[in-house]
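Understanding the architecture of this molecule
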Amino acid sequence: GEHIDEFEKFESTSFVSRLLGFGDMKGFMDKIASVIPEDSEPEFLEKLQQGHFSMRILYEQYANIMKMGPMGQIMSMLPGVGNLMPDGADEASTNKIKQF
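Anyway, here's the lowdown on the structure attached to this text. Note that the structure is a prediction, hence the values are computed from the model and not measured. (Residues numbered from 1 in each chain as written. Predicted model: local features only at pLDDT ≥ 70, side-chain atom pairs only at ≥ 80, totals over all residues. Heavy atoms only, no water.)

Moving on, we come to the layout of surface pockets. Quantified by volume, the second largest pocket comes out at close to 310 Å³. Taken together, 15 residues form the lining of the second largest pocket, with Ile 36, Ser 40, Glu 41, Phe 44 and Gln 61 sitting closest to its centre. Among the elements of the structure, α2 (25-35), α3 (41-49) and α4 (55-67) are those that each provide at least two residues to the lining of the second largest pocket. Examining the composition of the lining of the second largest pocket, we find that five residues originate from one element, α3, more than from any other. (1 Å grid on protein atoms, 1.4 Å probe; cavity = no way out; pocket = protein on both sides within 12 Å on 5 of 7 lines; lining within 4 Å. Points joined across faces, edges and corners; volume = space filled by probe spheres on them. Helix = DSSP H or I, 4+ residues; strand = E, 2+ residues; numbered from the N terminus.)

And the structure:
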């Protein structure tokens, strides 16, 4: 179902691209930019370049994914991946991420 927090601004090219299974990379990148704070990006990248990856960083990344919305909606934005997720699997995937 569509909830208030799941509404997106309508863009015809993005809509048609998703409808045809080509994904919506622009929308995906916009969604990522709206979730991840810009001040934490340099620190995160520096830690990755140094080879430091902790459970805390993994937890923060999962939290950012959860802020992006339902997994089905996120997956539909990726080219070639939108049709791989069966209907109704949103809740199961969200619960699995929460378990981590």
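Moving on to α2. Here α2 has its buried residues at Gly 27, Phe 28, Lys 31 and Val 35. Axial view of α2: buried residues confined to an arc of 105°, hence all on one face. In α2, the exposed residues that point more than 90 degrees away from the buried face are Lys 26 and Ala 33. Tucked into the core, α2 has its buried residues touching α4 and α5 (71-76). (Buried < 20%, exposed > 50% of the residue type's maximum accessible area, 1.4 Å probe, protein only. Arc of directions from axis to C-beta. Contact = heavy atoms within 4.5 Å.)

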